[in-house]
Amino acid sequence: MLNEIHGFQAAYARCIDDDRLEGWPEYFLPNAHYRVTTVDNHRRGLPAGLIWANSRAMLVDRITALREANIYERHSYRHLLGLPFVEPQADGTARAETPFMVARIMRDGGTELFVTGRYLDVFARDEAGALKLLERVVVCDSSRIDTLLAIPL
Amino acid sequence: MPLDIAWPPGSLHQVPYWVFQRDDVLAKEQAAVFRGACWHYLCLEAEIANPGDYRTTHVGNLPVVVARDAEGALHAFENRCAHRGALIALEDGGNTKDFTCVYHAWRYDMTGTLKGVAFRNGIAGKGGMPKDFKLDEHCPRKLRVATICGLVFGTLSDATPPLEDYLGPEIVTRIRRVLNGRTPEVLGRFTQALPNNWKLYTENVRDSYHASLLHLFFTTFEVNRLTQKGGLIVSESGGNHVSWSAIEAGAAGAEYAQQQIRSDSDFRLADPSLLHGFQEFGDNITLQILSVFPTFVLQQIQNCIAVRQVVPRGVAQTDLHWTYLGFAEDTPEQRLMRLKQCNLVGAAGFVSMEDGCVGGFVQRGAAAAQDQLAVLEMGGHAAESSDTRATEASVRGFWKAYRTATGY
């Protein structure tokens, strides 16, 4: 399981950083929960997110919106992931906590540290036995987001 | 070097770009607007619901503590120790009996009144404060506080008119429309750091002209395909506004959803539940953006209710604080809908993320345009209410209030 989660996290980050965003929802189960929040909201138990989804279809919609509707200056991410801390659960799922740093590369060539944080994950298997995310809560360490959050974390 | 162009006296439809660029303009604004005769949003009453609760915030560059005393009364005072100027409260909020400055342990009560000075009488008869030192002659500046529908406002100036007069009756009515009779609960707080002067955001909020042109989410997914009616209200002062739109009566609810399904657009939402909101106000108004000069916004976009607070952090840096709201009266289904619709707004919002970058485009685009004027002539030259949103009237209203406040 640990090796599998290592591989999953590497593939997930590579998918986003390579701008293959249409493939991003495939890392989630159809009924998955995905939320981007901050450590302050997380600590206080506040439920809202910068991004909040309770279905894979909502993640598909986010990518469609980014591609077809939303307007923002061209940029890309570079995810650097730390080692996942994995806790297998009795029901066959696994909880994992993985730290990340994301640099943002802007159109003008500038690179800056955009956000650091943790993925708080629940992994489960789909019908074909493939490892997928049942839940991913992205807890950003800072309460401030520079300019906008378009590409998902 | 281009010379800074003169601002044509009284003009509301021309704005010189230097007003977004100069340190001396920001310094003047700190005195004339943020410490001047304006009401500034501080926090929600719900955030300091209990005796001893407090929050810290900023009014321009003025750090402020808002606190509820043991009797339940609200107070606001400058977050600055009267001794050497250090911050008195260091956290975003909490609950306390009093405030003690960490530097030399000067102690203040919940009203910001100095109550104790460490080693006031010296040690072993040596040192200490002079005998004629009076505690009540030393305290941080206190703000007047007023509330409406659970929103807490403060002002340093004695000249600021009563809050409801400052807002004007049409604004008061529409604040009550969203908040009255309910118990707000904070669903989340997020800060968006904008790479632009604060006024480029407060203009943007009042700019009903750009909404359907810059924010293409609703258009792309043909959510707005029904003819929408709407309008714009500009307060007497110019500084406060409401922009609203409504679906036509009879097209609400299920019928409206069916219309979306029959859309001719190539793009559909894979999960259209995002937009299956509930009738919250019984008036078919799906959008109401309300601003109060200078820096407060109350937003209803479908069932997503939020307050926004604008805090300048420098000439070309601004913090936009979002507080997403639900209500204690929400059913679980209603609460779920609010959480889903938070996707529409904020730093990652389907209909608002563009506002995070467009101010920066102006800041960078106009970098060398100190001798030029921006043009605000959509809908004429006045700052009046209208039954169309194809107008820049409320942006002109902002400049009317701004020129009055600053004397520019």
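Each remark here, short or long, concerns the structure printed above.
Sequence order as written defines the numbering, with residues in each chain counted from 1. Chains and ligands are labelled by the order in which they are written, letters from A for the one and numbers from 1 for the other. Residue-level local features of this predicted model are given only where pLDDT is at least 70; pairs of side-chain atoms are given and counted only at 80 or more, and the full residue set underlies all totals for whole chains, interfaces and linings. Computation of side-chain values covers all heavy atoms of the structure but excludes hydrogens and water.

Structural notes on the interface of chain B and chain A
Line of reasoning, step 1. Between two residues, a contact is recorded if the distance between any of their heavy atoms is within 4.5 Å. Between chain B and chain A, the contact holds 39 residues from the first and 37 residues from the second.
Line of reasoning, step 2. Interface of chain B and chain A: buried area, both sides summed, is about 3,300 Å²; carbon and sulfur atoms make up 58% of it.
Line of reasoning, step 3. Just to be clear on terms, a salt bridge is a Lys or Arg side-chain nitrogen sitting within 4 Å of an Asp or Glu carboxyl oxygen. At the junction of chain B and chain A, the tally comes to 2 salt bridges.
Line of reasoning, step 4. Linking Asp319 of chain B and Arg144 of chain A is a salt bridge whose minimum nitrogen-to-oxygen distance equals 2.3 Å.
Line of reasoning, step 5. Any pair of N or O atoms that falls within 3.5 Å is considered a polar contact. Within protein, one atom must be able to donate a hydrogen and the other to accept it, and sequence-neighbouring residues count only if both atoms are side-chain atoms. At the junction of chain B with chain A, the criterion picks out 19 residue pairs in polar contact (both at pLDDT 80 or more).
Line of reasoning, step 6. Only DSSP runs of H or I with at least four residues qualify as helices, and only runs of E with at least two residues qualify as strands; both kinds are numbered from the N terminus onward. For the side of chain B that touches chain A, the secondary-structure elements that each account for two or more residues are β12 (184-194), α6 (217-220), β18 (317-327), α8 (332-341) and α9 (353-365) of chain B.
Line of reasoning, step 7. Examining the composition of the side of chain B that touches chain A, we find that 8 residues originate from one element, β12 of chain B, more than from any other.
Line of reasoning, step 8. Residue polarity follows a fixed list, in which Ala, Val, Leu, Ile, Met, Phe, Trp, Tyr, Cys and Pro are nonpolar, Asp, Glu, Lys and Arg are charged, and the others, Gly among them, are polar. Here the side of chain B that touches chain A is composed, by residue class, of 23 nonpolar, 7 polar and 9 charged. We define buried area as the total accessible area lost by two parts upon association, computed with a 1.4 Å probe and summed across both.

Observations concerning the packing of aromatic side chains
Here the distance between the centres and the angle between the planes together describe a pair of aromatic rings.
Residues and elements named next belong to chain B.
Line of reasoning, step 1. Only Phe, Tyr and Trp rings take part, Trp by its six-membered ring, and two of them pair if their centres are within 6.5 Å. Stacked means planes under 30 degrees apart, edge-to-face means over 60, and tilted covers everything else. Taken as a whole and assessed by the stated rule, the structure comprises 33 aromatic pairs over all chains.
Line of reasoning, step 2. A ring pair is formed by Trp18 and Tyr408, whose centres lie 5.7 Å apart and whose planes are at 70°; its orientation type is edge-to-face. One end of the pair, Trp18, is in the loop between β1 (14-16) and α1 (23-34); the other, Tyr408, is in the segment after α10 (393-406), with 390 residues separating them in the sequence.
Line of reasoning, step 3. Looking at Trp18, the relative accessible area reads 6%, which means it is buried.
Line of reasoning, step 4. Between Phe398 and Tyr402, the ring centres sit 6.1 Å apart and the planes meet at 25°, which makes this aromatic pair stacked. In this pair, Phe398 and Tyr402 both sit in helix α10, 4 residues apart, roughly one turn of the helix. The burial state of Phe398 is the same as that of Tyr402; both residues are buried.
Line of reasoning, step 5. By the ring-pair criterion, three or more aromatic residues cluster together here, those being Trp7, Trp18, Phe20, Phe34, Trp198, Phe293, Phe398, Trp399, Tyr402 and Tyr408.
Line of reasoning, step 6. Between Arg403 and the ring centre of Trp7, over which it is positioned, the NZ or CZ distance is 4.0 Å. Only protein chains enter the area calculation, which uses a 1.4 Å probe; residues under 20% of their type maximum are buried, those over 50% are exposed, and those in between are partly exposed. Only lysine NZ and arginine CZ atoms are considered, and such an atom sits over a ring when it is within 6 Å of the ring centre and within 35 degrees of the ring normal.

Considering unusual backbone geometry
Line of reasoning, step 1. Phe293 of chain B connects to Pro294 of chain B through a cis peptide bond whose omega is 5°.
Line of reasoning, step 2. Positive phi is not limited to glycine here, since Asp19 of chain A has a value of about 60°.
Line of reasoning, step 3. Within the secondary structure, Asp19 of chain A sits in the loop between α1 (2-17) and β1 (28-38).
Line of reasoning, step 4. The phi torsion at Ala105 of chain B lies on the positive side, around 60°, for a residue other than glycine.
Line of reasoning, step 5. Mapped onto the fold, Ala105 of chain B is located in the loop between β7 (99-100) and β8 (107-108).
Line of reasoning, step 6. What makes Ala105 of chain B partly exposed here is its relative accessible area of 34%.

Brief notes about the sheet that holds strand β15 (residues 285-292) of chain B
Line of reasoning, step 1. On the basis of which strands lie adjacent, the open sheet formed by 8 strands has the order β8(A)-β12(B)-β18(B)-β17(B)-β16(B)-β15(B)-β14(B)-β13(B) and mixed pairing. The sheet terminates laterally at β8 (144-146) of chain A together with β13 (228-234) of chain B, the two strands that pair on one side only. Along the sheet, successive strands turn relative to each other by an average axial angle of 15°, direction set aside.
Line of reasoning, step 2. Lines fitted to C-alpha atoms define the axes here, with helix axes fitted over just the stretch in contact, and angles between the N-to-C directions of these axes take values from 0 to 180 degrees. Across the sheet, helix α4 (residues 198-206) of chain B touches β12, β14 (241-247), β15, β16 (296-301), β17 (304-314) and β18 of chain B, and the angle it forms with β17 of chain B is around 155°. A pair of strands counts as paired when DSSP detects no fewer than two bridges linking them.

Remarks on empty space enclosed by the protein
Line of reasoning, step 1. Buried and open spaces are told apart on a 1 Å grid over the protein atoms alone, a cavity being a set of points where a 1.4 Å probe fits but cannot get out and a pocket being an open set with protein on both sides within 12 Å along at least five of seven lines. Residues with an atom within 4 Å of a point are the lining residues. Grid points are joined across faces, edges and corners, and a volume is the space filled by probe spheres set on the points. Across all of its chains, the model carries 3 cavities of 30 Å³ or more by this definition.
Line of reasoning, step 2. Here the largest cavity defines a volume of roughly 60 Å³.
Line of reasoning, step 3. Surrounding the largest cavity, Ile51, Trp52, Ala53, Met58, Asp61 and Arg62 of chain A together with Asp271, Leu274, Asn343 and Phe350 of chain B form its lining.
Line of reasoning, step 4. The set of elements that each furnish at least two residues to the lining of the largest cavity consists of β2 (51-53) and α3 (56-68) of chain A.
Line of reasoning, step 5. Volume-wise, the second largest cavity comes out at about 40 Å³.
Line of reasoning, step 6. Phe34, His40, Tyr41, His58, Val59, Gly60, Thr295, Gln309, Val310 and Val311 of chain B together form the lining of the second largest cavity.

Remarks on the pattern of salt bridges
Line of reasoning, step 1. Within the structure shown, the criterion is met by 30 salt bridges over all chains.
Line of reasoning, step 2. The salt bridge involving Asp19 of chain A is made with Arg67 of chain A; its shortest N-O contact spans 3.0 Å. One end of the pair, Asp19 of chain A, is in the loop between α1 and β1; the other, Arg67 of chain A, is in helix α3, and 48 residues separate them in sequence.
Line of reasoning, step 3. Judged by relative accessible area, Asp19 of chain A falls into the partly exposed class, the value being 45%.
Line of reasoning, step 4. The partner of Arg335 of chain B in a salt bridge is Glu185 of chain B, and the shortest N-O contact between them spans 2.9 Å.

Concerning the side chain of Gln363 of chain B
Residue and element names in this part refer to chain B.
Line of reasoning, step 1. If you trace the backbone, Gln363 turns up in helix α9.
Line of reasoning, step 2. Of the residues examined, Gln363 reaches a relative accessible area of 13% and is grouped as buried.
Line of reasoning, step 3. Among the polar contacts listed, one links the side chain of Gln363 to the backbone oxygen of Phe20, at a separation of 3.0 Å.
Line of reasoning, step 4. In this structure, Gln363 is in contact with Phe20, Gln21, Pro195, Asn196, Asn197, Leu200, Val315 and Ala316, ignoring residues within four places of it in sequence.

Some words on the state of the cysteines
Residues and elements named next belong to chain B.
Line of reasoning, step 1. Cysteine sulfur atoms that pair up within 2.5 Å are treated as a disulfide. If you walk through the whole model with that rule in mind, you get 0 disulfides over all chains.
Line of reasoning, step 2. Not part of a disulfide, Cys139 finds its nearest cysteine sulfur in Cys81, a span of 11 Å.
Line of reasoning, step 3. Here Cys139 falls in the partly exposed class, since its relative accessible area comes to 33%.
Line of reasoning, step 4. Here Cys342 stays free of any disulfide, with the sulfur of Cys304 as its closest cysteine sulfur at 4.3 Å.

Points about the environment of Ala193 of chain B
Line of reasoning, step 1. Looking at the secondary structure, you find Ala193 of chain B in strand β12.
Line of reasoning, step 2. C-alpha of Ala193 of chain B to C-alpha of Gln317 of chain B: the two residues are 124 residues apart in sequence and 7.2 Å apart in space.
Line of reasoning, step 3. What Ala193 of chain B contacts, discounting residues up to four positions off in sequence, is Arg144, Ile145, Asp146 and Thr147 of chain A together with Thr318 and Asp319 of chain B.

Overview of the environment of Glu185 of chain B
Residue and element names in this part refer to chain B.
Line of reasoning, step 1. Within the fold, Glu185 resides in strand β12.
Line of reasoning, step 2. Separated by 141 residues in sequence, Glu185 and Gly326 place their C-alpha atoms 5.1 Å apart.
Line of reasoning, step 3. Residues in contact with Glu185, not counting those within four places in the same chain, are Tyr324, Leu325, Gly326, Phe327, Ala328 and Arg335.
Line of reasoning, step 4. Polar contacts involving the side chain of Glu185 include one to the side chain of Arg335, which spans 2.9 Å.

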